[in-house]
Amino acid sequence: MRAMSYKRPVLIAGCAGLLFYLGMFLMNGHQYRERTGRSLDSDQAIRSFSDLQQSLNNLSKVLRAFEQRQDAMQRILEEDRDTQRKVADVLKQAIQEQKEQHHQEVPPQKKKSSQVFPGSPLFKGWGENLSEDEQKEAQVLFEKYGYNVFLSDRLPLDRPLPDTREKGCLTKTYSKDLPTIGVVLIYLNEALSVLKRALRSIIDRTPKHLLKEIIMVDDNSSNENLKGDLDAYVKSLEEQNPSLRITRVRHTEQKGLAHARVSGWRAATADVVAILDAHIEVHELWAEPLLTQIKADRTVVVSPVFDRVNFDDLKVIHYFPAAHAFDWALWCMYESFSPDYYKLNDSSLPGKSPSVMGILVADRKFLGEIGVLDEGMKVYGGENVELGIRLPWNTPCPIPEIKKQKPLDKHLPERSTDQTPKKPEDHSP
């Protein structure tokens, strides 16, 4: 269409030029006749018409060449339109396919039906959006460690914790003139990320002038990443905290919890020693209330109120202050404080307890004076009872919150978190 619009004015111009040329020819002939009084002779007319014919032929060639160029341009334009139409069709088809693919995606809630391990405790309330490969990886780690290491490896080492302290604890203040503390972490084939998180939380949430040292007691772990990888991480912590002493104690054979705790006590040099499991995280102001109690009376052994960290989703479950106790099978459990305690109507106050549930904080020298623990004791839970015999009344402090996850040995049942004297469920495979 566009080429035709160009042809019309060209033809009109050509015809106008032809008429103009004929007019000029006739006018020249007429002028010649007026000047000379005679008409052009035949030879001159023939030459004039020959020149006219040659001019017309040249004009015709120009017109044909112009038409050819116009036809070529028309073909190019048509090919360009075809190309644009094809591109538009391809884009339209791609958009349509993308929309169809989006509508065909499986909703997240339907992934529950594709569980690889429907009977595993790990996936009862967690992991619904995991792929099959991720489920397999998570299950293998769960069977090895007894808690969700797949998730732990993906959580920040300095993750924030909910503040579960009693209301009365939020307004308490503590003296800066407190004894120094050394933290002993006992572990056996613990997950590397869990151990890193314990170290990170202790360093970040303990005042530097109080935290003198961390003693890491490895009861002969076989995991390779607890050697080179852990050594590298500890070295980085030492570089970041030059005033902090980090001591490594490695047993050449597995000697048990009681012996490992005594090994940590022997390596400590701080005024107060806190013997903790390695699968813990601590709150801000966790150390100050404990040190305040010991500063007031060096003969007390204190234990913090520690919340539970779920083995599957690693969420913190708030626990209320309670006395630590044990039954005839040496199973630890929670009991109420004495009636006099509740008459005070202040849950931020420490209460007396007949036992200590695994985690203890004491004056280092005084602990040595009473014999620490029996290193030959092999019965699980026996260390909870032993201090109850050595110290008839122990004092758990409800102010700090320490997060406990799982027992060190996955073949042993978890310490009771119920307030009734019964054996806890074992979630370990």
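My aim in this report is to walk through the structure given alongside it, one point at a time. (Residues numbered from 1 in each chain as written. Predicted model: local features only at pLDDT ≥ 70, side-chain atom pairs only at ≥ 80, totals over all residues. Heavy atoms only, no water.)

### Here's the deal with helix α7 (residues 257-267)
Buried residues dominate α7, accounting for 8 of its 11 residues. Among the residues of α7, A258, H259, A260, R261, V262, S263, G264 and A267 are the ones counted as buried. Against β1 (181-187), β2 (211-218), β3 (245-250), β4 (272-277) and α11 (382-390) lie the buried residues of α7. (Buried < 20%, exposed > 50% of the residue type's maximum accessible area, 1.4 Å probe, protein only. Helix = DSSP H or I, 4+ residues; strand = E, 2+ residues; numbered from the N terminus. Contact = heavy atoms within 4.5 Å.)

### Details of the side chain of D312
Mapped onto the fold, D312 is located in the loop between β7 (308-309) and β8 (316-317). Nearest to the buried, unbridged D312 among oppositely charged side chains is R308, at 7.1 Å. Ignoring anything within four residues of it in the chain, the contact list for D312 reads L122, W126, N148 and L151. (Lys, Arg positive; Asp, Glu negative; His and termini not counted. Salt bridge = Lys/Arg side-chain N within 4 Å of Asp/Glu carboxyl O.)

### Describing the pattern of salt bridges
A full pass over the atoms with the stated rule returns 15 salt bridges. Between R261 and D277 there is a salt bridge; the shortest N-O distance is 3.4 Å. Taken together, the positions of R261 in helix α7 and D277 in strand β4 put the pair 16 residues apart, joining distant regions of the chain. Here the two residues R261 and D277 agree in accessibility, since each one is buried. What emerges from the salt-bridge pattern is a single network uniting D231, R248 and R250.

### Focus on empty space enclosed by the protein
The final tally for this structure, using the stated rule, is 5 cavities of 30 Å³ or more. By volume, the second largest cavity is sized at about 80 Å³. Looking at the second largest cavity, the residues that line it are I203, T206, P207, K208, L211, N241, S243 and L244. Within the lining of the second largest cavity, the residues separate by chemical class into 4 nonpolar, 3 polar and 1 charged. (1 Å grid on protein atoms, 1.4 Å probe; cavity = no way out; pocket = protein on both sides within 12 Å on 5 of 7 lines; lining within 4 Å. Points joined across faces, edges and corners; volume = space filled by probe spheres on them. Nonpolar A, V, L, I, M, F, W, Y, C, P; charged D, E, K, R; others polar.)

### Here's the deal with the packing of aromatic side chains
To describe a pair of aromatic rings, you give the distance between the ring centres and the angle between the ring planes. Under the definition given, this model contains 9 aromatic pairs. Their ring planes at 15 degrees and their centres at 6.2 Å tell us that F117 and F123 sit as a pair that is stacked. Plain terms: the ring middles of W126 and F150 are 6.2 Å apart, the flat faces sit at 65 degrees to each other, and that makes the pair edge-to-face. A residue pair is termed long-range when its members are at least 10 positions apart, and W126 in the loop between α2 (42-104) and α3 (132-145) and F150 in helix α4 (residues 149-152) qualify at 24 residues. The buried category is assigned to W126, whose relative accessible area is 15%. Positioned over the ring face of F150 is R154, at 3.6 Å from the centre of the ring. (Phe/Tyr/Trp six-rings, centres within 6.5 Å; stacked < 30°, edge-to-face > 60°. Lys NZ or Arg CZ within 6 Å of the ring centre and 35° of its normal.)

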